[in-house]
Amino acid sequence: MSRLPPQCCVSRWRASAGARESEGPCESALVGSGPLLYLPLMIDEIKQAEHAAVARLAAVDDVDDLASIENDLVGKRSELGTLKSRLGGLDEEGRRAAGQALNEATRRVTAAIEERRAEVAARARAERIAAERLDLTEVLTRPQRGHLHLVTQTHMHLEDVFVGLGFTVSEGPEVETDWNNFTALNMPPEHPARSMWDTMFVDLGEPGSTVLRTHTSPVQIRVMQTQPPPIYTIMPGRVFRRDTADATHMPVFHQIEGLVIDRGITFGDLSGTIEEFTRAYFGRDFNARLRPSYFPFTEPSAEYDIQRPDGSWLELGGCGVVHPNVLRNCGLDPEEWSGFAFGFGTDRLPLARHGIDDLREMFTNDIRFLEQF
Ligand code: FA5
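Residues numbered from 1 in each chain as written. Predicted model: local features only at pLDDT ≥ 70, side-chain atom pairs only at ≥ 80, totals over all residues.

Caption draft 1: Up close: the overall build of the protein chain. When its secondary structure is counted, the protein chain shows 12 helices and 10 strands. Relative to its length of 373 residues, the protein chain is extended, with a C-alpha radius of gyration of 51 Å against a globular reference of 21 Å. Projected onto its principal axes, the C-alpha positions of the protein chain cover 150 × 50 × 35 Å. The buried share of the protein chain, reckoned over its 373 residues, is 32%. In the protein chain, the share of contacts with a sequence separation of at least 24, taken over all contacts with a separation of at least 6, comes to 66%. (Helix = DSSP H or I, 4+ residues; strand = E, 2+ residues; numbered from the N terminus. Rg over C-alpha atoms; globule rule 2.2 N^0.38 Å. Buried ≥ 20, exposed ≤ 12 C-beta atoms within 10 Å, placed from the backbone. Contact = placed C-beta atoms within 7 Å.)

Caption draft 2: Representation of the site of the ligand in the model. Taken together, 24 residues are adjacent to the ligand, and His215, His249, Gly318, Gly343 and Gly345 come closest. Breaking the shell around the ligand down by element, the ones donating at least two residues are β6 (252-262), β8 (298-307), β9 (313-322) and β10 (338-345). Looking at the shell around the ligand, the element that brings in the most residues is β9, giving six residues. Residues of the shell around the ligand, tallied by class, amount to seven nonpolar, 11 polar and six charged. (Near = placed C-beta within 6 Å. Nonpolar A, V, L, I, M, F, W, Y, C, P; charged D, E, K, R; others polar.)

Caption draft 3: Focus on the domain arrangement of the protein chain. The domain architecture assigned to the protein chain consists of domain 1 (6-131) and domain 2 (150-370). Here the C-alpha centre of domain 2 lies 102 Å away from the C-alpha centre of domain 1. (Domains from an automatic or database assignment.)

Caption draft 4: Quick peek at helix α8 (residues 217-226). Most of α8 is tucked away, with seven of its 10 residues classed as buried. Burial in α8 covers these residues: Ser217, Pro218, Val219, Gln220, Ile221, Val223 and Met224. In this structure, the buried residues of α8 make contact with β2 (175-177), α7 (178-181), β5 (231-240), β6 and β10.

Caption draft 5: Spatial organisation of the pairing of β10. The element β10 is largely enclosed, with a buried count of eight among its eight residues. Here β10 shows a buried face lined by Ser338, Phe340, Phe342 and Phe344 and a second buried face lined by Gly339, Ala341, Gly343 and Gly345. Note that β6 and β10 share eight bridges and pair antiparallel. Residue pairing in the sheet places Ile261 in a bridge with Gly339 of β10. Note: β9 against β10, five bridges, orientation antiparallel. Across the sheet, Gly317 pairs through a bridge with Phe344, a residue of β10. (Pairing = 2+ DSSP bridges.)

Here it is, written out as structure tokens:
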């Protein structure tokens, strides 16, 4: 290996690379012949470039940023790239050594780039997954089960009360014959009392022969025609009238009818039954009254009122002793049988019991209202 004066090498190095100061050449490190670079400085420079590249990588934590600096780290114009272009300044052996060092440094930086890319991508993915996380094990509150409507609850409550008093429960159709709804109840055609009910007629059969029942009283007729006395029954159901909705009226509403047919039944039995019912349904703190009234199918007749917390009276239903004509219309002998009947509005009953101001609240289906009961 030929030897060059140390100053020669160092000064060339400084001149060509503008590199940092060296502590003077070491003779054994001098390579090549002619105006050559100083290999150890070159190797040092490669290491520095590699460290700088790796340090820069460590500061990157975004895949896009990484892509944009990749060229700066290993591209042609990177520090390592520039060093490569200066390999020609070394002799052959030095070129091989430095070239190898440069390749290894470039390979390590490239590997570090890939590693960093994987890390950054994994972190970004983990962050995205965390942000989009859907916890399938999360315990959701179960949808609340609904419950029976207040009117249905009222019917069930009343059925309990009356079954407890020895009554059975009967039902009839909502579409009725004129005969059951009116005539058999002592209201022949043209009877003025028919106008007490704003009737909806159904376009079926003879004109005016079929109605949406205006009350549950026609079920009395059906029961008396099919069951021999004694009869103790209640008949809950839906009824229809051409009434305009207001705080105490609906065009579709509910009633519960009661019928007792036996021997020797008097108004006293009716009054006692109603008193018993009032106590069972409303409790002892409610005042009820029977007020004289008129119904074509009972004689005498009365209205049943309940006193509301504000002191006002609310009419809940009609009642009375079954009219002999009604018994006759059903094939029963009024000399042998007598009875009483009542018909309560079962939408108004809970109105009074729970202090509800407006009947319409029960049918607008606002869940916040309904779920209170
Ligand atoms: C009748 O319907 C008779 N059938 C009751 C009866 C039965 C009397 C047996 C004698 C013997 P009235 O039309 O008054 O009666 O209605 C009875 C009750 O139904 C009323 O007191 C009231 O509580 C309720 N009611 C009447 N109309 C409406 C309406 N539009 N909306 C809500 N409730 C009503």
